[in-house]
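What follows is the residue order along each chain.
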Amino acid sequence: MTTVPPKYTAFQGFDALFHNTEVMMSNGVNILSEAIALSAIENIAKYLPRAVADGSDLEAREHVAYASTMAGITMQLTSTTAQHSMEHSMSAYHHNLPHGAGLIMISVEFARFFIEKHACDEQFIKMAKAMGISNADKPEDFITALLNLQKECGVDNLKMSDYGIDRSECMALAKGARSMQGGLFLANPCEMTDDDCAGVFEKAYR
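Reference entry: report on the structure contained in this document. No experiment lies behind these values; they were computed from the predicted model shown.

**Here's the deal with empty space enclosed by the protein**
- Throughout the structure, instances matching the rule amount to one cavity of 30 Å³ or more.
- In terms of lining residues, the largest cavity is bounded by Phe18, Thr21, Met25, Gln83, Ser107, Ala111, Phe142 and Leu146.
- Elements with a contribution of two residues or more to the lining of the largest cavity: α1 (6-25), α5 (99-116) and α7 (140-152).
- No other element matches the three residues that α1 contributes to the lining of the largest cavity.
- Counted by class, the lining of the largest cavity contains five nonpolar, three polar and no charged residues.

The following block contains the structure:
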């Protein structure tokens, strides 16, 4: 892992993060998957910036590897959500888009959709605390923590347009997400229609 380039370290680290944040948001989260997911989220938030900055930092690599391994476990205990369906649609149509990069691009607006619906407010607060905002008391604190981590890892300026995605594709991407992995939509904390999904793509588009 020490030779993985910084940007791919970030992309893979955020993929592990979102596996665990999606478990926390899922309507099937349980006492075991939540405990593991929060531990993984805490380790990624603390150590991923170090791993990105210095690939030879073995302590950071170990903690990120732990969190990545836990992502494989939590997704067996509790399904991930439509965030992964949506990204798989993006990279299915645009093969040069790294999976983790696509997840990062839509992550803020995907979370904001459920925050505005008040679908799982307490879960967002728990995640914000795990990511270092110890006094978090509102779901929007998770957005703050997520944006801070993206900036620390140098992935806060990713653009769909840089990978050939056009704004006109938003509905096609939404329908593709449901047709490819519609089951993950069932794990969302509230209903998300094709129009809702396209709206997330639209708001995240740059």
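**What to know about a nonpolar patch on the surface**
- Where nonpolar side chains cluster on the molecular surface, the patch consists of Ile31, Leu32, Ile73 and Leu77 and spans about 390 Å² of accessible area.
- Elements with a minimum of two residues in the nonpolar patch: α2 (31-53) and α3 (58-77).
- Topologically, leucine 32 is positioned in helix α2.

**A closer look at the environment of arginine 61**
- The residue arginine 61 is located in helix α3 in this model.
- As for arginine 61 and leucine 48, which are separated by 13 residues in sequence, their C-alpha atoms are 7.8 Å apart.
- Setting aside its immediate chain neighbours within four residues, arginine 61 contacts Met1, Thr2, Val4, Thr9, Ala51 and Gly55.
- One polar contact links arginine 61 to threonine 9, side chain to side chain, over a distance of 3.2 Å.

**Overview of the side chain of serine 107**
- Relative to the helices and strands, serine 107 resides in helix α5.
- With a relative accessible area of 1%, serine 107 lands in the buried category.
- Engagement of the side chain of serine 107 in a polar contact is seen with the side chain of glutamine 150, the distance being 3.0 Å.
- Once residues lying within four places of it in the same chain are set aside, the contact partners of serine 107 are Phe18, Gln83, Leu146 and Gln150.

**Some points on the packing of aromatic side chains**
- Inspection of the entire model under this criterion finds five aromatic pairs.
- With a centroid separation of 5.1 Å and 75 degrees between ring planes, the pair formed by phenylalanine 110 and phenylalanine 114 is classed as edge-to-face. Here the residue phenylalanine 110 and the residue phenylalanine 114 both occupy positions in helix α5, the gap between them amounting to four residues, near one helical turn.
- What makes phenylalanine 110 buried here is its relative accessible area of 0%.
- Here phenylalanine 124 and phenylalanine 142 contribute two aromatic rings whose centre-to-centre distance is 5.4 Å and whose plane-to-plane angle is 45 degrees, an arrangement assigned as tilted.

Analysis parameters
- Residues numbered from 1 in each chain as written.
- Predicted model: local features only at pLDDT ≥ 70, side-chain atom pairs only at ≥ 80, totals over all residues.
- Heavy atoms only, no water.
- 1 Å grid on protein atoms, 1.4 Å probe; cavity = no way out; pocket = protein on both sides within 12 Å on 5 of 7 lines; lining within 4 Å.
- Points joined across faces, edges and corners; volume = space filled by probe spheres on them.
- Helix = DSSP H or I, 4+ residues; strand = E, 2+ residues; numbered from the N terminus.
- Nonpolar A, V, L, I, M, F, W, Y, C, P; charged D, E, K, R; others polar.
- Patch = residues over 30% accessible without salt bridge, like charges linked within 9 Å, V, L, I, M, F, W, Y side chains within 5 Å.
- Areas by Shrake-Rupley, 256 points an atom, 1.4 Å probe, with all protein chains shown as cover.
- Salt bridge = Lys/Arg side-chain N within 4 Å of Asp/Glu carboxyl O.
- Contact = heavy atoms within 4.5 Å.
- Polar contact = N/O pair within 3.5 Å; in protein donor to acceptor, adjacent residues only side chain to side chain.
- Buried < 20%, exposed > 50% of the residue type's maximum accessible area, 1.4 Å probe, protein only.
- Phe/Tyr/Trp six-rings, centres within 6.5 Å; stacked < 30°, edge-to-face > 60°.

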